[in-house]
Amino acid sequence: MECPFEKVHPSQLLRDDLFYMKLAYNQAIDAWREEEVPVGAVIEWEGEVIAKAHNRIEGTGDPTAHAEMLALTQASHRIGDWRLNGCTLYVTKEPCPMCSGALLMSRVSRVVFAVADAKMGCLGGAADLNALPLINHHFTISKGVFEAECRELIQTFFEKKRKSQGQKFDD
Ligand SMILES: [Zn+2]
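Keep in mind that what you see is a predicted model, and the values were worked out from it rather than measured.

Asks: Mind laying out the environment of Tyr20, listing which residues take part and the relevant values?
Replies: Along the chain, Tyr20 falls in helix α1 (residues 17-33). Sequence separation of Tyr20 and Glu44 is 24 residues, and the distance between their C-alpha atoms is 7.7 Å.

This is the structure in structure tokens:
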């Protein structure tokens, strides 16, 4: 199933939320090219990208190989500490229960996601783990960055997948 979308090329000069989310979007395109659900993530620390990853559950056969989980592991190795204070994670879709929990455990300072997920999102979509009252770490959340593009990517993926599976079924 070929990916009809192209990668974007943000200017390196302006390193704002849109810049980092576009890098996450490019990761999501890499996911699609490997027949994975197109979700991508990057982690920024002190103005540098210290992790970039995309969903790899099919390729690894590992249900924990979500973009955010892989990015957290990369960032911890890079920094040499499991505590990711000062880091911002950008991801193209609202984190699931597993990833939202891991983000809290990692103590990232900020999470930015593009598309909300009313079914599985746990940063305000279906539930909000960041709002648990008794935990001693919270991060700030921003959403809606590069949203239309990230939504179109993932929606198109599922539409095409449904079509190709429907054809198989009809045969
Ligand atoms: Zn997840």
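The rest of the description comes next.
Asks: Help me get a handle on unusual backbone geometry, residues and values and all.
Replies: In this model, Arg107 sits at a positive phi of 65°, which is unusual for a non-glycine residue. Here Arg107 is to be found in the loop between α4 (97-106) and β4 (110-115).

Asks: Let's hear about the environment of Ala131: which residues, and what values?
Replies: For Ala131, the position within the fold is in the loop between β4 and β5 (140-143). Ala131 sits in the exposed class, given 11 other C-beta atoms within 10 Å. Separated by 47 residues in sequence, Ala131 and Leu84 place their C-alpha atoms 19 Å apart.

Asks: Mind laying out the sheet that holds β5, listing which residues take part and the relevant values?
Replies: The mixed open sheet is built from five strands, whose spatial order is β2-β1-β3-β4-β5. Lying at the two open borders of the sheet, with one neighbouring strand each, are β2 (48-54) and β5. The sheet shows a mean angle of 15° between the axes of neighbouring strands, taken without regard to direction. Where β4 meets β5, four bridges bridge the pair, whose relative direction is parallel. The residue bridging Val112 from the neighbouring strand is Ser142, located in β5. α1 rests against β1 (40-45), β2, β3 (88-93), β4 and β5 of the sheet, and its axis sits at about 145° to β1.

Asks: Which residues make up α4, and what values go with them?
Replies: Turning to α4, its buried residues number three or more, namely Cys99, Ser100, Ala102, Leu103, Leu104 and Ser106. Residues of α4 that are buried make contact with α3 (67-79), β3 and β4. Arg107 occupies a position one or two residues after α4 and carries a positive phi of about 65°.

Asks: Explain the environment of Gly47 residue by residue, including any values.
Replies: Tracing the chain through its elements places Gly47 in the loop between β1 and β2. Along the chain, Gly47 and Arg15 lie 32 residues apart, while their C-alpha atoms are 7.3 Å from each other.

Asks: Now, about the nonpolar core: what can you tell me, with residues and values included?
Replies: Of all hydrophobic cores here, the largest spans 43 residues; its most connected members are Met21, Ala24, Ala41, Ala71, Leu89 and Tyr90. Elements that contribute at least two residues to this core include exactly α1, β1, β2, α3, β3, α4, β4 and α5 (147-170). Per element, the largest residue contribution to this core is seven residues, and it comes from α1. Tyr90 has contacts with Tyr20, Met21, Ala24, Ala41, Val42, Glu44 and Val112, leaving out every residue within four places of it along the chain.

Criteria and cut-off values
- The residue numbering used here restarts from 1 in each chain and proceeds along that chain's sequence as written.
- In keeping with the model being predicted, local features are shown solely for residues with a pLDDT of at least 70 and side-chain atom pairs are shown and tallied solely at 80 or more, while totals for entire chains, interfaces and linings include all residues.
- Secondary structure elements are defined from DSSP: runs of H or I of at least 4 residues count as helices, runs of E of at least 2 residues count as strands, and each element is numbered from the N terminus.
- Residues are called buried when their C-beta atom has 20 or more other C-beta atoms within 10 Å, exposed when it has 12 or fewer, and partly exposed otherwise; all C-beta atoms are positioned from the backbone.
- When DSSP locates at least two bridges between a pair of strands, those strands are taken to pair.
- Angular values range over 0 to 180 degrees, each being the angle between N-to-C directions of two axes fitted as lines to C-alpha atoms, with helices fitted over their stretch in contact.
- Think of it this way: build a C-beta for each residue from its backbone, and any pair within 7 Å is a contact.
- Think of a nonpolar core as buried Ala, Val, Leu, Ile, Met, Phe, Trp, Tyr and Cys residues chained together by C-beta atoms that fall within 7 Å.

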